[in-house]
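Each chain, letter by letter, is given below.
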Amino acid sequence: MSDDQSVQSFETRAIHAGNTADPLTGAVVPPIYQVSTYKQDGVGGLRGGYEYSRSANPTRTALEENLAALEGGRRGLAFASGLAAEDCLLRTVLHPGAHVVIPNDAYGGTFRLFAKVVQRWGVDFSVADTSDVDAVRAAVNDRTKVIWVETPSNPLLGITDITALAEVAHGAGARLVVDNTFASPYLQQPLALGADVVVHSTTKYMGGHSDVVGGALVAADAELGEELAYHQNAMGAVAGPFDAWLVLRGIKTLAVRMDRHSENATRIAEMLTSHPKVGQVLYPGLPEHPGHELAAKQMKAFGGMVSFRVAGGEAAAVEVCNRAKLFTLGESLGGVESLIEHPGRMTHASAAGSPLEVPADLVRLSVGIESAEDLLADLRQALG
Ligand SMILES: Cc1ncc(COP(=O)(O)O)c(C=O)c1O
């Protein structure tokens, strides 16, 4: 087996990249370096290059190397949350007077960051349906510095053509940023398709066990990676050693988890399609989904997220969420256990009254890796 990670398969890199045996003890798992500062051998004499854990910490370095290897980027950076990663990216690449194109379907917290925080610093944005390349082209102006994409999107599971939008962005002198949280690098490789930066809420599939909040950036080029690393240290919202360790551990099983999430979600989406109490099922794995062909081209499988509209409106959708038992009612996604939620009142409440407002009859599922039969039975009883 080659030691050159660029020729190793994804599953191998997930387990080995950044995970070198501890030089002191030979421990096969990188230790949790729960430490803030490092003894120097004389002033400026750093052992191993570490001086203070905001700037760098060995457990975080292991995760950052792993992230870069999995996304095929030059630099990976780990943050305290997905939103901390987004904030660092935006304040690195934008300046007052800049313009951003954001999707009309995105995580509500991302929209809130643009609308309530970034905008106050003199950056304006246009909202566009990013699954429509012409609509994005029309939204770009001569001040556009970033086109932001979520694919599959949260919570409507829309699919955006990464290659086409990379061309639009680069033609306008802007960067294409892809939030790869829903797909994970196992299912989708945005940098190989032309994106400049990948964003993750590692809280989700990367961590995979609903036990950590974290975020990540991976930059395609070393220069931007260096600038982001400078801002990561200057702004300070880094991943702590234990959180970095949990994400690194979760990633080792990412490939097998994503295969199972995708299989279970496909069975659930198919059942919901024929259920009389369900109006519309949003899952890119269904042939009738408008982004199905594109998703089949740019993703390895269709992922674990399924949304659907309940016949009977908002009250009926809330009732389904309340009746589910095995599907735990809760925000977040991407863990081994299945979750159900009402985006309009929960994850996307902050987008109410905006162009990103979600349908009131929408229910979102994060399909876990339990037995598909048990999950199907729970949904059937919840639908009544
Ligand atoms: C697609 C997506 N991006 C970003 C975030 C923000 O990540 P975090 O909650 O880790 O700050 C979330 C959180 O739900 C998300 O779903």
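Residues numbered from 1 in each chain as written. Predicted model: local features only at pLDDT ≥ 70, side-chain atom pairs only at ≥ 80, totals over all residues. Heavy atoms only, no water.

Q: Looking at this structure, how should I read the overall build of the chain?
A: Scanning the chain from N- to C-terminus turns up 13 helices and 12 strands. By the compact-globule yardstick of 21 Å for 384 residues, the chain fits well, its C-alpha radius of gyration being 21 Å. Seen through its principal axes, the chain has C-alpha atoms that stretch 75 × 50 × 35 Å. Counting the 384 residues in the chain, one finds 55% classified as buried. With the model as given, the accessible surface of the chain reaches about 15,700 Å², and the carbon-plus-sulfur share is 53%. Of note, the chain has its 30 positive side-chain charges centred 4 Å away from the centre of its 44 negative side-chain charges. (Helix = DSSP H or I, 4+ residues; strand = E, 2+ residues; numbered from the N terminus. Rg over C-alpha atoms; globule rule 2.2 N^0.38 Å. Buried < 20%, exposed > 50% of the residue type's maximum accessible area, 1.4 Å probe, protein only. Areas by Shrake-Rupley, 256 points an atom, 1.4 Å probe, with all protein chains shown as cover. Lys, Arg positive; Asp, Glu negative; His and termini not counted. Charge placed at Lys NZ, Arg CZ, Asp CG, Glu CD.)

Q: Where do I start with the sheet that holds strand 10 (residues 328-329) in this structure?
A: Strands pair in a sheet through their backbones, by hydrogen bonds, and they do so in one of two ways: parallel or antiparallel. Taken together, five strands build an open sheet; the order of strands is 8-9-12-11-10 and the sheet is mixed. Looking at strand neighbours, the two that pair on one side only are strand 8 (278-282) and strand 10, the edges of this open sheet. In terms of strand pairing, strand 10 meets strand 11 (residues 339-341) through two bridges, oriented parallel. Across the sheet, residue Leu329 finds its bridge partner in strand 11, namely Ile340. Contacting strand 9 (305-310), strand 10, strand 11 and strand 12 (362-366), helix 12 (residues 313-323) runs over the sheet at an angle of about 135 degrees to strand 9. (Pairing = 2+ DSSP bridges. Contact = heavy atoms within 4.5 Å. Axes fitted to C-alpha atoms, helices over the stretch in contact; angles between N-to-C directions.)

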